[in-house]
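Observations on chain architecture
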Protein chains: 2
Amino acid sequence: MNRPKQSKLVADWERLERIFIRPEDDDCKEVLVKYMEQILFGLHEFINKNVGVTEEISLKELTSSFNETLISPEPEKRLADVISDIIYQIAPKAVNVASPYFVGHMTAAIPFFMVHLKAIVAALNQNVIKLETSKVLSVLEKQVLAKIHRLIYGSNSEINKNLELSKNSDLIENEKFSKNLRFTEEFYNTHVQNVDTSLGSFTTGGTTANLTALWVARNRFFKPFDNLSESQSGDLAFHSFNDLSKKVDRVEKFDGIESEGFAQALRAYSLDNAVLLVSKRGHFSLRKAGGILGIGNKNVIPIDVNAQCRLDVRKLRSTIRDIKQGGRTGIIAVVGVAGATETGIIDPLDDIADICEGYGIHFHVDAAWGGPVMLSEKYGYKLKGIERADSVTIDGHKQFFMPMTCGMVFFRDPLAMNHIAYHSNYVNRQGSVDLGIKTLEGSREANSLILDSSLKIMGTRGYALMIDHGIETAKQFADEIKRRELFELITEPELNILTYRMVPKEIKKHLKTADPAQIKILNQQLDNINIAIQRKQREAGKSFVSRTRMTYRPSSDEVVVLRSVIMNPMTNITILNEVLDEQERLLQSLSDVKI
Amino acid sequence: MNRPKQSKLVADWERLERIFIRPEDDDCKEVLVKYMEQILFGLHEFINKNVGVTEEISLKELTSSFNETLISPEPEKRLADVISDIIYQIAPKAVNVASPYFVGHMTAAIPFFMVHLKAIVAALNQNVIKLETSKVLSVLEKQVLAKIHRLIYGSNSEINKNLELSKNSDLIENEKFSKNLRFTEEFYNTHVQNVDTSLGSFTTGGTTANLTALWVARNRFFKPFDNLSESQSGDLAFHSFNDLSKKVDRVEKFDGIESEGFAQALRAYSLDNAVLLVSKRGHFSLRKAGGILGIGNKNVIPIDVNAQCRLDVRKLRSTIRDIKQGGRTGIIAVVGVAGATETGIIDPLDDIADICEGYGIHFHVDAAWGGPVMLSEKYGYKLKGIERADSVTIDGHKQFFMPMTCGMVFFRDPLAMNHIAYHSNYVNRQGSVDLGIKTLEGSREANSLILDSSLKIMGTRGYALMIDHGIETAKQFADEIKRRELFELITEPELNILTYRMVPKEIKKHLKTADPAQIKILNQQLDNINIAIQRKQREAGKSFVSRTRMTYRPSSDEVVVLRSVIMNPMTNITILNEVLDEQERLLQSLSDVKI
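Overview of the structure.

Thresholds, definitions, all that
Residues numbered from 1 in each chain as written. Chains lettered and ligands numbered in written order. Predicted model: local features only at pLDDT ≥ 70, side-chain atom pairs only at ≥ 80, totals over all residues. Heavy atoms only, no water. Buried < 20%, exposed > 50% of the residue type's maximum accessible area, 1.4 Å probe, protein only. Helix = DSSP H or I, 4+ residues; strand = E, 2+ residues; numbered from the N terminus. Pairing = 2+ DSSP bridges. Contact = heavy atoms within 4.5 Å. Buried area = accessible area lost by both parts, 1.4 Å probe. Salt bridge = Lys/Arg side-chain N within 4 Å of Asp/Glu carboxyl O. Polar contact = N/O pair within 3.5 Å; in protein donor to acceptor, adjacent residues only side chain to side chain. Nonpolar A, V, L, I, M, F, W, Y, C, P; charged D, E, K, R; others polar. Least-squares fit on C-alpha atoms with pLDDT ≥ 70 in both. Axes fitted to C-alpha atoms, helices over the stretch in contact; angles between N-to-C directions. Expected span 1.5 Å × (residues − 1). Parallel < 35°, antiparallel > 145°, perpendicular 65-115°, else oblique. Left-handed = near helix turned anticlockwise from the far one by under 90°. Phe/Tyr/Trp six-rings, centres within 6.5 Å; stacked < 30°, edge-to-face > 60°.

With respect to the pairing of strand S9 (residues 407-411) of chain A
For a regular strand, the rule is simple: side chains alternate between the two faces of the sheet. All names here are of chain A. Within S9, five of the five residues are buried, which leaves it mostly tucked inside the rest of the structure. Across the two faces of S9 the burial is the same, with Gly407, Val409 and Phe411 and Met408 and Phe410 all buried. As paired strands, strand S8 (residues 391-395) and S9 are joined by five bridges and run antiparallel to one another. Paired with Asp395 across the bridge in S9 is Gly407.

As structure tokens, this is what we get:
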């Protein structure tokens, strides 16, 4: 650390030891702390500037200094130089997702202490795949998972009290696995540190959480069976000879889809096909999961939504009926969304649960976004029905305000994850408590430490403040959009997400009297206008909203909409008004548009 | 930050603002820096003690204080208290993976600066799924991937020079996609920032890297086709009417397995089955990938290894021949291992490449562990043949010494990843440069910044120092094991991993003259002894080796072996001798064993 500044850097053993051995003298320590100070505060210099989606630099210019592809044999830089480079060269060209004007995506400011917590996780460098490289962190992970599981499925948390009103309180004490019942404290005492059961797992994000849930659902659907040994144990009497001869092709023994693969699974269950049914507004990771799992993303069937963008329950019911009538297609799972990526909408979870229970179908809820709303005493009721889901996805790096990359998946049945268990000789031995036995991912950092600490620092009410603020600010924002002549609200904010578009008065007037063909043309004009405004605002670099395409009612055209996510507690209606003001100015500046 | 210490914590807006708004006054800043100092140095107090796999505390005792499953409504703790708790309560019960005596797993000490770099990534909180939330970090990711791709596949890096000697240098200049050729600098200039191509992707670990590689391989194997439109364009002339009538069941149009699913893919390609061929010593994530992808883990066929624990090339060839002869089973990929988890052995990559090229089979190399050995001018030659792989897995959190959780996957063909592309309306739009289009994972942190910085701080030669040290220390360790009477080396260290077991003299003598049945009994005794020693050493908490089961030659019994991974540059032969000394003492202490 005390080397002269200008010496040429050489990779030698002395330098290596300096890097690895913990610094003992105070000078060294001081330097390393100084670096951390730079990181903590230097990096945020640029927050006072714009959102920085662009710094007036095109992608082409940006890439021009990132073309070298040879790794230098000798060291090029000291840590101090690397940190300065990041602060002065890299950070200003990154995106200031922490700006309260950055209201376009589900990535935003995180509490300051998260950087400390992430540094702790890195310094400990535990690998929670196995007890031998994590020990207490494996135990803590089970505890934190139980805490969130209880938030979803438990009966006697403060938060859930208001959700229990509609329930018969006698029933709640009953610990049976009926999906109408919430689990008692005793259930959690049994499972929190139980080495034979799993309430869920941490994942690296919502995508792998959804994938894990549907992987379990697929394997439960196509579970192993052994008709031969059943026959041997006396069940033969129940089959007439006729029955047996009719099904010459029948598979008598099946080791499960995980072992035998998809094609054999369909043969074993006498099916041609298997599908997932998903709200049309479900996240694209659900289609991807269908592709990865061998289901085929064509067989991830979108269920249409109603005027409020919620999954249309009648359509779900009729789709299931049609599929069941055919008799040759299996339904692996139905997926409901709690906080759709584009609209924030929550599907009618209780109604979907009714249908799934009736048919015995796995019900998965993708609450990657909306899950933490359960922490709010005011708005938690919106997720009513989630406690009946067989599996639930919740992201840590979204509304738990954790740093990238953290997701979670939960299962109502503590034995469900046995369907994806893998063992090996060197880790995850049969009977061990290694968490890596039942996870999609292998090596994993101890993210549970971050969530656990954050829950202790914030309390449910600290989180609820942020959740409530987002929902209420979005409501104000929607009112403002409806009030302004040049805007049209497309989807109301059920949570803290809404979509809208800009509509010049001239076009608004035309739209009222236009026939479907004319509407189509006008919508195309509006698409171009809204794309232009979103791009120009992004490029100006002061504020940022995103855009997507949505079905526009009453017509069935897909139209371009602007999308706002109010996640940052520092975003308020004053700031949002500025965003709208800027959009109005940008509309005026479009030379070819008549306002 | 200046609140009185003893006040009751309440979740209110004022406290929330303190947490979110960057601290402006110096007092606040000082406190936050102080916390970071505690993290940087306080956490490593316990390094001077033992490896701490146990702190004389049973799992039962350990779990007893992690049973509370209710989240507190009000804040329970301040950041300062959380940090102290972690330092004084949690860390001592974690595993000191950074100890040079911790030589049992692939998790070890990381350079001090990694904590700084991870803190930077958390502070920036970029999401590299899309350009709009990462900008320059997406660009940097492409560059870093190109650097490692060039290390694997490139022709003119310093490191690779010695690998080129056996090649015709005229050919090297030729940029065609022949797998015998290394790519020139021009190739990298073309692709490093090309928005239409991908040289690879960061993943969250080796498991998802392998899964991604095999996902691509599966989708390439079962790619879309359209015989009808080909027919229309004149190809019909090539089919006799006989041909067409013979295949009434033939699928004429197929959208690819990703879309249509596994069962339909097999029908389209007139196959009953599809398999992966993997070295018997391959990582269990490969079987898991088979299960997830719908192939079925029963169809992940282990190819036996030879006496050196390398994949037996003759057996691979004969297995492929048998499968091809049947004509109804497809071979999706052959997987070779470069640095097997249990033995560190590298499969004969060049031979496997020959076979795969001959049959046109996708060749994947799992170099999660061994990949960075390419950085060594001395030992890089050991991975000869990897440049002919269609895909390669390398872990960042293994021998690149990055913190958990970071893996990478690379593809020779810059268009290969198109087979797993997904788009949506709100991100990853068609034609965008969003990295999330072609990744298994969704949201991801900017780990490329850590690797890029580390490569600059270390240079290839800094990394090579560590790699060489591990390989050479393991060699010394093997010699010492062979020298000691009570030990038996089971696998020689090709890299920095070896396996051995303890054998009391009495039993060693018996083994020499025993018949197969007697050997079995003696091996069972030895298994019990070695399990006992590994456990006792782990529980004593001074040092740690792991254990696994290996085929013991010349018999075919699986026996328990002790496993050492020499990864920490501070681990030396003196320390390893202490580990062996302790094991000898433990053996003596086993009352029922005669030495």
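A closer look at the interface of chain A and chain B
Counting residues at the interface gives 176 residues for chain A and 176 residues for chain B. Across the chain A to chain B interface the summed buried area is about 15,700 Å²; carbon plus sulfur atoms make up 67%. Applying the counting rule to chain A against chain B returns 10 salt bridges. At the junction of chain A and chain B, the tally comes to 65 residue pairs in polar contact (both at pLDDT 80 or more). With 13 residues, helix H17 (residues 448-483) of chain A is the largest single contributor of residues to the side of chain A that touches chain B. Classifying every residue of the side of chain A that touches chain B gives 87 nonpolar, 49 polar and 40 charged.

As for the relation of the copies chain A and chain B
Each of the two chain copies goes to the other by way of a rotation about an axis and a shift along it. Note on the copies: chain A fits chain B at an RMSD of 0.0 Å, the axial shift is 0.0 Å, and the rotation between them is 180°. Taken together, the rotation and translation describe the operation of a two-fold axis. Interface residue correspondence from chain A to chain B reaches 100%, placing this contact among same-surface, isologous pairings.

Focus on the sheet that holds S9(A)
Residue and element names in this part refer to chain A. Pairing within the open sheet is mixed, and its seven strands lie in the order S1-S9-S8-S7-S6-S4-S5. Because the sheet does not close on itself, it has two edges, and the strands there are strand S1 (200-203) and strand S5 (300-303). Averaged over all adjacent pairs, the angle separating strand axes in this sheet is 20°, with direction ignored. Helix H15 (residues 313-326) rests against strand S4 (273-279), S5 and strand S6 (329-337) of the sheet, and its axis sits at about 170° to S6. Each of S6 and strand S7 (362-366) touches helix H16 (residues 349-359); the most contacted strand, S7, lies at about 160° to it.

Quick word on helix H4 (residues 79-90) of chain B
All buried positions along H4(B) are accounted for by Leu79(B), Ala80(B), Val82(B), Ile83(B), Ile86(B), Ile87(B) and Ile90(B). Those residues of H4(B) hidden inside the fold are in contact with helix H5 (113-124), helix H6 (136-153) and H17 of chain A together with helix H2 (26-42) of chain B.

Description of helix H19 (residues 516-540) of chain B
Residue and element names in this part refer to chain B. In this model, H19 (25 residues) spans 36 Å end to end at C-alpha, consistent with the 36 Å of a helix rising 1.5 Å per residue. Listed as buried for H19 are Ile519, Leu522, Asn523, Leu526, Asp527, Ile529, Asn530, Ile533, Gln534, Gln537 and Arg538. Against the buried residues of H19 lie strand S11 (497-502), helix H18 (505-513), strand S12 (546-551), strand S13 (558-565) and helix H20 (573-589).

As for the packing of H15(A) against H16(A)
All names here are of chain A. Direction vectors running N to C along H15 and H16 enclose 15°, while the axes themselves pass 10 Å from each other. Our classification of the angle between H15 and H16 gives roughly parallel. Both H15 and H16 take part in a crossing whose hand is right-handed. Contact residues: Val313, Leu316, Arg317, Ile320, Arg321 and Lys324 in H15; Asp351, Ile352, Ile355 and Tyr359 in H16. A class-by-class count of the residues in the contact of H15 with H16 yields six nonpolar, no polar and four charged.

Focus on the packing of aromatic side chains
This model, assessed by the stated rule, comprises 34 aromatic pairs over all chains. With 5.8 Å between their ring centres and 80° between their planes, Phe477(A) and Tyr500(A) make a pair best called edge-to-face. Of this pair, Phe477(A) sits in helix H17 while Tyr500(A) sits in strand S11 (residues 497-502), and the two are 23 residues apart along the sequence. For Tyr500(A), a relative accessible area of 0% puts it in the buried group. An angle of 75° between the planes, with centres 5.5 Å apart, marks the rings of Phe222(B) and Tyr269(B) as edge-to-face. With Phe222(B) in the loop between helix H9 (206-221) and strand S2 (225-226) and Tyr269(B) in the loop between helix H13 (262-268) and strand S4 (273-279), this residue pair connects regions lying 47 residues apart in the sequence.

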